[in-house]
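For reference, the chains in residue letters:
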Amino acid sequence: MQFRSTKSHESPVSFKEAVLRCLPPDGGLYVPASVMDMRQYFLYMDTETSYPELVATVAPGLLQGELNPFSASMVAESAFDFEPELRQLDETFSLLTLYNGPTGVFKDFGIAFLAAVMEELLKNNGPAMIVSATRGDTGVSIANAFHKRQNITSVILYPSGSAIQGLDPASYVPNGGNIIPIQIEGSFDECQKLVKEIIRDRPYADRYGITSVNAINVGRLLPQSFYFLHAFVKLKKYLNGDLLFSVPSGNFGNLIAGLYAWKFGMPVNGFIAAMNANNAIGDFIRGRQFIPRPVKSTNSPALDVAQPSNYERLASFYDEAPAVMRNMVFPAAVDNDDTVKALERFWKRYGIILDPHGAVAYAAAERVLSGFDPGSHVVILATGHPAKKAVTVTEATGQTVEIPRRLALLREKADPLAVIKPNLDALETAIVSCF
Ligand SMILES: *Cc1c(COP(=O)(O)O)cnc(C)c1O
């Protein structure tokens, strides 16, 4: 499969190139250049198929010519020592738990695959350096996924006021590891700006093989489609009506990945775009103009996004087939009160504690389902671990949430290798001095 820019159908690139470039030069975003029918790869899988097996089968099908089945199974095994978990709750609902990774959010899945596949794709390329900007757990997830990857160094920039947590100093470059955490005396935006600048400094970027792996990299998005397929494979023999997925949506990466799974041949009848009060994009989905509104803080903060970074990818689906898309994506907005009530209702009904983002998806699903035939089934995506939003969760359910050891470790602050002013010279010097 090749990838093209949302702004052009010309000059598609390979997966490797799309991953390494991150953004097409015309300012668009990379999307698959063609539709692939993957049914022959997953329709024969069954409930016994493990997640690494699914990934090792589907990935080489999608990335023919770039990733052979043997390499794909090594990638899948080395990426995933955690798995998504599908639980059928009753006739109407299933829960797809995506918070079993090292940082307790679904983003671990995309990052883990990207790190493993990059190591494989870069095998004969010489050393590479990943520079990323982060203000929270993503940095830890990246450090975790890239630690010990051959020939790859990972530079993580984070703003003052935030801390890098749960990192083991033994993983740092001067100690024989491959991670370089650097604190920037500035804002998150300044960290992002530095990433762009260092990539544009061609002599330096070429010398170290510098690329970025931010959330809009297709190398993170594509593997997120695998857990939609996983859920379908686990459920298919029990389904006898419509199948929907309810996706708590902020930057719309997860929802786009679900749409890719559909384009790859997964039989599905719709996706619920579950949002909180930040729901301006719902207008666009309903066929009106998208006019961004100022962001509002809510109790499901990962969804507090005014202008989704994947907007262009979503828009390109609608450009191609607006009428089809109107029957495929169903927006629903859930306010703070209804989020808390949904948390409580879910706990009472199923004895399972969601986090507020999962609760938004549950409440949205109940609402959208009333327009579907009885017998329809919704898979709710539990995107975050409830322990990460313990206060809200405990208020809603009266339950205290046990914090898994891996998440407790994330609370321990680690020291950066350098604290620098937000300018390119300082950054480049700091990186060189680590070796
Ligand atoms: C990032 C995140 C989301 C939003 O996902 P998008 O792909 O940005 O729409 C939802 N829930 C949690 C817990 C998250 O961390």
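Residues numbered from 1 in each chain as written. Predicted model: local features only at pLDDT ≥ 70, side-chain atom pairs only at ≥ 80, totals over all residues. Heavy atoms only, no water.

Chemist: Whenever I open this one, the site of the ligand confuses me. Can you help?
Modeler: Residues in close proximity to the ligand total 15 residues, the closest being K107, G250, N251, F252 and T383. Between G253 and the ligand, the recorded distance is 3.1 Å, taken from a backbone N or O atom to an oxygen atom. At 2.8 Å, a side-chain N or O of T383 approaches a nitrogen atom of the ligand. (Near = heavy atom within 4 Å. Polar contact = N/O pair within 3.5 Å; in protein donor to acceptor, adjacent residues only side chain to side chain.)

Chemist: Even after reading the chapter, I still don't get the packing of aromatic side chains, so can you show me in this structure?
Modeler: Both the distance between ring centres and the angle between the ring planes are used here to describe each pair of aromatic rings. Under the criterion given, the structure shown has 24 aromatic pairs. A centroid spacing of 5.2 Å and a plane angle of 65° characterise the contact between F284 and Y311, whose relative ring orientation is edge-to-face. You can see F284 sitting in helix α11 (residues 281-285) and its partner Y311 sitting in helix α12 (residues 311-320), a full 27 residues away along the chain. With a relative accessible area of 24%, Y311 lands in the partly exposed category. Seen in terms of ring centroids, F346 and Y350 are 4.9 Å apart; in terms of plane orientation they differ by 55°. Their pairing is tilted. With F346 and Y350 both in helix α14 (residues 336-350) and four residues apart, the pair spans about one turn of that helix. Comparing F346 with Y350 shows no difference in burial state: the two are buried. Taking NZ or CZ as reference, K263 lies 4.9 Å from the ring centre of W262, over its face. (Phe/Tyr/Trp six-rings, centres within 6.5 Å; stacked < 30°, edge-to-face > 60°. Helix = DSSP H or I, 4+ residues; strand = E, 2+ residues; numbered from the N terminus. Buried < 20%, exposed > 50% of the residue type's maximum accessible area, 1.4 Å probe, protein only. Lys NZ or Arg CZ within 6 Å of the ring centre and 35° of its normal.)

Chemist: What am I meant to see in empty space enclosed by the protein here?
Modeler: Picture a little ball the size of a water molecule; that probe, rolled over the atoms, points out where space is still empty. Taken as a whole and judged by the stated rule, the model has two cavities of 30 Å³ or more. If you add up the space inside the largest cavity, you get close to 60 Å³. What lines the largest cavity is simply A277, N278, N279, A280, R293, P294, K296, V305 and A306. Counted by class, the lining of the largest cavity contains five nonpolar, two polar and two charged residues. Empty space within the second largest cavity amounts to approximately 50 Å³. Taken together, 13 residues line the second largest cavity, and the ones lying closest to its centre are G250, N278, I281, V305 and P308. (1 Å grid on protein atoms, 1.4 Å probe; cavity = no way out; pocket = protein on both sides within 12 Å on 5 of 7 lines; lining within 4 Å. Points joined across faces, edges and corners; volume = space filled by probe spheres on them. Nonpolar A, V, L, I, M, F, W, Y, C, P; charged D, E, K, R; others polar.)

Chemist: Looking at this model, I keep getting lost on the packing of helix α9 (residues 218-235) against helix α10 (residues 253-263). Mind explaining?
Modeler: When two helices pack together, you describe them by how their axes are tilted relative to each other and by the distance separating the axes. One can describe the packing of α9 onto α10 by two numbers: an axis separation of 8 Å at closest approach and a directional angle of 65°. In terms of orientation, α9 lies roughly perpendicular with respect to α10. Relative to α10, the crossing made by α9 is right-handed. Of α10, the residues touching α9 (which contributes L221, Q224, S225, Y227, F228 and L229) are G253, N254, I256, A257, G258, Y260 and A261. Considering only residue class, the contact of α9 with α10 consists of eight nonpolar, five polar and no charged. (Axes fitted to C-alpha atoms, helices over the stretch in contact; angles between N-to-C directions. Parallel < 35°, antiparallel > 145°, perpendicular 65-115°, else oblique. Left-handed = near helix turned anticlockwise from the far one by under 90°. Contact = heavy atoms within 4.5 Å.)

Keep in mind these values describe shape, not function.
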